[in-house]
Amino acid sequence: YYYMLSENFLKQAIAYSMRTKMPKVNQEELSAFKVILPQLKEQEKIVYILKLYDDKIRCLKTMIYDKIRFKKWLMQNLLTGKKRLSGFRDEWKTERLKIFLEEMTEKNKLAIISDVKSISNKSGFINQSEQFGKNVASSDLSNYKIVRKGYIAYNPSRINVGSIALYTEETSGVISPMYVVLKTKYGLHEKYFMYYVKTEEFNQRMKSQLSGSVRETLKFNDLCAIKIDLPSYNEQQQIVAVLETADKEIDLLEQKLDLIKQEKKAIMQLLLTGIVRVPQNKKGGF
C-alpha cells in the first residue's frame, strides 16, 4: 500500500500511462512493475513507522476540523449578539449596509498599474495568473478598477459561494470591471464586515436581494439594502481580535499538517528505496 503511494511507483505508472491515450495501468502492466523489497520483518517495521505518521496526520486533521467548527460557532454567536464578550452591554443597532458602504469606481485610466488580481473563494485576492495559469486580462487595462489596501471586492455573480475578499497588500492592483469594489465607512470595521458576510445570517438576508433569472447576482445597491445588526465599534474590534486568533490557530495547525505530510513523503522515499535502512536490534533483527 505505501509503496503504491511512493514516488518510485508513480514514476513507473506514468511511464506506462504515456504509452496510451487514456492514462491507466492494467493488471498485466502492474505485474511488470519492479519493487525493492527488504525482508518481511523490515517491511513490518517500515509500515509501523509510516503508520505513526498517518496517526499524526489523522490527529491534526481532527484538531483542524474541531477548530474550524469552533470558529464557525464563534462567528454565528459573536456576530449576531447571541453571545457577548465580557465588559460589553451596550444595545446593538440594526441598520442597512448603505450607511456604512461606499462603492469605489476609480479606473486605471493611465494604465499605470499592471498587477491584475482575481478573487479565489479560498485564498482571497490572488494574481490572475495563479487562478487561470495565465493572464486572461485584456491588453488594455485602462478600464480595470483599482483596488487599494483596505478595499473590498466581490464578484456579483459568485458572492453566494464566497467570492469576496479584503485587499491587504501595500501596493495597489487592478481587477476586472465585472467586480464590485467598495470600502467601509466609519462605524463598520472592514474585518468585522468580512467575517459577517460569511455567516448564515448574512447568507439568509442576501438571498432576498439576489436578482437574475439565469445566474443570481448581488449588485452594490442590493448589498446596501441588506440589514446588519451592529455592536459598538470597540466591540467590533474585540470580536475581530477573537476571530483572528481562531484563524491563526487554524493556520498554525494547517502549517504543521503540511510539514508532517512533507516529512512523511521524504521518509517514504528513503525507507521504501533502501536509501535509509531501519536500525537493527542487538540480536540482528528488526
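Not measured: the values here are computed from a predicted model.

(A) Main features of the nonpolar core. Leu97, Leu101, Leu182, Leu188, Tyr192, Phe193 and Leu223 are the most contacted members of the largest nonpolar core, which has 38 residues in total. With five residues, the single largest contributor to this core is helix 5 (residues 190–196). When residues no more than four places from it in sequence are discounted, the contact partners of Leu182 are Leu101, Glu102, Glu103, Met104, Tyr151, Ile152, Tyr154, Phe193, Phe220 and Leu223.

(B) Up close: helix 6 (residues 200–207). Those residues of helix 6 that sit buried are Phe202, Asn203 and Met206. Considered in projection along helix 6, the buried side chains sweep an arc of 100° and stay on one side of the axis. In the core, the buried residues of helix 6 are packed alongside helix 5 and helix 7 (220–224).

(C) Geometry of the sheet that holds strand 3 (residues 116–120). Judged by pairing direction, the sheet is mixed, and its four strands sit side by side in the order 4-3-8-5 without closing on themselves. The sheet terminates laterally at strand 4 (124–127) and strand 5 (145–147), the two strands that pair on one side only. On average, each strand axis in the sheet is inclined to that of its neighbour by 50°, with strand direction left out of account. One ladder, built from two bridges, connects strand 3 with strand 8 (residues 173–175); its direction is parallel.

(D) Region of interest: the environment of Gln39. With respect to the helices, strands and loops of the structure, Gln39 is situated in the loop between helix 2 (27–31) and helix 3 (40–78). Gln39 sits in the exposed class, given a relative accessible area of 52%. Between the alpha carbons of Gln39 and Ile267 there is a distance of 18 Å; along the sequence they are 228 residues apart.

(E) Local environment of the packing of aromatic side chains. Applying the stated criterion across every chain, the model contains seven aromatic pairs. With centroids separated by 4.9 Å and ring planes inclined at 85°, the aromatic side chains of Phe125 and Tyr167 adopt a geometry described as edge-to-face. Residue Phe125 is found in strand 4, and its partner Tyr167 is found in the loop between strand 7 (164–166) and strand 8; the two are separated by 42 residues along the sequence. Among the residues examined, Phe125 registers a relative accessible area of 12% and is labelled buried. Ring plane angle 70° and centroid distance 5.7 Å describe the contact between Tyr196 and Phe202, whose orientation is recorded as edge-to-face. For the pair formed by Tyr196 and Phe202, the shared burial category is buried. In textbook terms, an aromatic cluster arises when at least three aromatic residues are bridged by ring pairs, as seen for Tyr3, Phe9 and Phe33. Over the ring of Tyr53 we find Lys56; its NZ or CZ atom is 5.4 Å from the centre of that ring.

Thresholds, definitions, all that
- Along each chain, residue indices are assigned from 1 in the same order as the chain's sequence is written.
- Per-residue local features are limited, in this predicted model, to residues with pLDDT of at least 70; the limit for side-chain atom pairs, both in listing and counting, is 80 or more; totals at the level of whole chains, interfaces and linings are taken over all residues.
- Note: side-chain values were computed over all heavy atoms of the structure, leaving out hydrogens and water.
- In plain words, nonpolar cores are sets of buried Ala, Val, Leu, Ile, Met, Phe, Trp, Tyr and Cys residues tied together by side-chain atoms within 4.5 Å.
- We call a residue buried when its accessible area falls under 20% of the maximum for its residue type, exposed when it is over 50%, and partly exposed in between, using a 1.4 Å probe and counting protein chains only.
- Starting at the N terminus, helices and strands are each numbered in turn, a helix being any DSSP run of H or I of at least four residues and a strand any DSSP run of E of at least two.
- Contacts are assigned to residue pairs with any non-hydrogen atoms lying within 4.5 Å of each other.
- Taken from the helix axis, the directions to the C-beta atoms give the arc we talk about.
- The rule for pairing is simple: two strands pair if DSSP sees at least two bridges between them.
- Between N-to-C directions, angles span 0 to 180 degrees; the directions come from axes that are lines fitted to C-alpha atoms, helices contributing only their stretch in contact.
- Stacked, edge-to-face and tilted are the three classes for Phe, Tyr and Trp ring pairs, Trp counted by its six-membered ring, which pair at centre distances within 6.5 Å; planes under 30 degrees apart are stacked, over 60 edge-to-face, the rest tilted.
- Cation placement over rings: the criterion is NZ of Lys or CZ of Arg within 6 Å of the ring centroid and within 35° of the ring normal.

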